[in-house]
Amino acid sequence: MKAIIFSAGLGTRFKPWTDKHPKALAEINGKSLLQRNVEYLQKWGISDVVVNVHHFADQIENAIAASKGWGSKITVSDERDEVLETGGGLKKAAHLLGNETFLAINVDILIDVNIKEMITFHRSNNALATLGVSQRTTTRYFLFDKDDQLCGWENLKTDEKKISRDVSPLTEKAFSGIHVIEADMLPMINQSGKFSIVDVYLDLSAGNKIVGYDHTGCRMIDVGKPESVAQAEEMFQ
């Protein structure tokens, strides 16, 4: 199985570090976020990895070269011309991901979810994509029906709400930035340019099975801001 680690973001919430460095190379207990996710994937037998780059792309490429991929085969998807967000980045990297099921994760997510169990859940549901989610407080939620199928999304801060499947009741769950995806989904992406993977899932969930895998109880942190580093260092040694 292959994986893609989304590493191209500008990291605006992580200033001032990202004024001179990519967030992917921010360190937690002496290891960069990118290295930690490469090693996390290795733990589950995934050592063929695509990394997309934009912000200080050279620094990421140099780190990969100097470390020899931390023991993994790493292929770079170059977004130097324009940062494409998660959806656009996935579409650009599609030709590097092959024709089989693959995993995607945001570089600033540290998590210890059991990937083997998540893949088993994905396959047992014959899903097009499976989204790692948990029951935690945030401002943005995916909305699922009683069978864990994706039906919508909402932003509590802006009151924006998008419904793709009009059923009830719906349960709010927070997305964890880790997903298992069938390669069959890639040619189904109709958006172009810069767009979020959230938009893709909402579009496709109306007619395809996209499900949530609830990993509540697992260690997980979004290292999105500098103040989250100390907490991450307590959680992940």
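Provided above is the structure to which this section pertains.
Residues numbered from 1 in each chain as written. Predicted model: local features only at pLDDT ≥ 70, side-chain atom pairs only at ≥ 80, totals over all residues. Heavy atoms only, no water.

**Q** Give a description of the overall build of the protein that names residues and reports values.
**A** A count of helices and strands for the protein gives six helices and 14 strands. For the protein, whose C-alpha radius of gyration is 17 Å, the value lies close to the compact-globule estimate of 18 Å for 237 residues. Counting only C-alpha atoms and orienting by the principal axes, one finds that the protein spans roughly 50 × 35 × 35 Å. Here the protein holds 237 residues, and the buried ones make up 54% of them. (Helix = DSSP H or I, 4+ residues; strand = E, 2+ residues; numbered from the N terminus. Rg over C-alpha atoms; globule rule 2.2 N^0.38 Å. Buried < 20%, exposed > 50% of the residue type's maximum accessible area, 1.4 Å probe, protein only.)

**Q** Account for the side chain of Thr 101, naming residues and giving values.
**A** Summarising the element assignment, Thr 101 is placed in the loop between α3 (85–93) and β6 (102–106). Residue Thr 101 is classed as buried on the basis of its relative accessible area of 11%. Excluding its chain neighbours within four sequence positions, the residues that come into contact with Thr 101 are Met 1, Lys 2, His 122, Arg 123, Val 180, Ile 181 and Glu 182. (Contact = heavy atoms within 4.5 Å.)

**Q** Account for the pairing of strand β8 (residues 129–134), naming residues and giving values.
**A** Two faces, one strand: in a regular strand the side chains alternate between the faces of the sheet. Taking burial as the measure, the six residues of β8 include six buried ones, the bulk of the element. Neither face of β8 is left uncovered, since the one carrying Ala 129, Leu 131 and Val 133 and the one carrying Thr 130, Gly 132 and Ser 134 both have all their residues buried. As judged from the five bridges shared by β8 and strand β12 (residues 171–181), these two strands associate in the antiparallel manner. Its bridge partner being in β12, Ala 129 is matched across the sheet by Ile 181. Sheet topology places β8 next to strand β13 (residues 210–214); five bridges connect them, and they run parallel. (Pairing = 2+ DSSP bridges.)

**Q** Account for the packing of aromatic side chains, with residues named and values stated.
**A** The tally for this structure, following the rule as stated, stands at three aromatic pairs. Geometrically, the ring pair formed by Phe 142 and Phe 144 is edge-to-face, given 6.4 Å between the ring centres and 65° between the ring planes. Side by side, Phe 142 and Phe 144 carry an identical accessibility label, which is buried. A network of ring pairs unites the aromatic residues Phe 142, Phe 144 and Phe 175 as a single cluster. Looking at Arg 219, its charged tip hangs above the ring of Phe 236, at a distance of 4.4 Å from the centre. (Phe/Tyr/Trp six-rings, centres within 6.5 Å; stacked < 30°, edge-to-face > 60°. Lys NZ or Arg CZ within 6 Å of the ring centre and 35° of its normal.)

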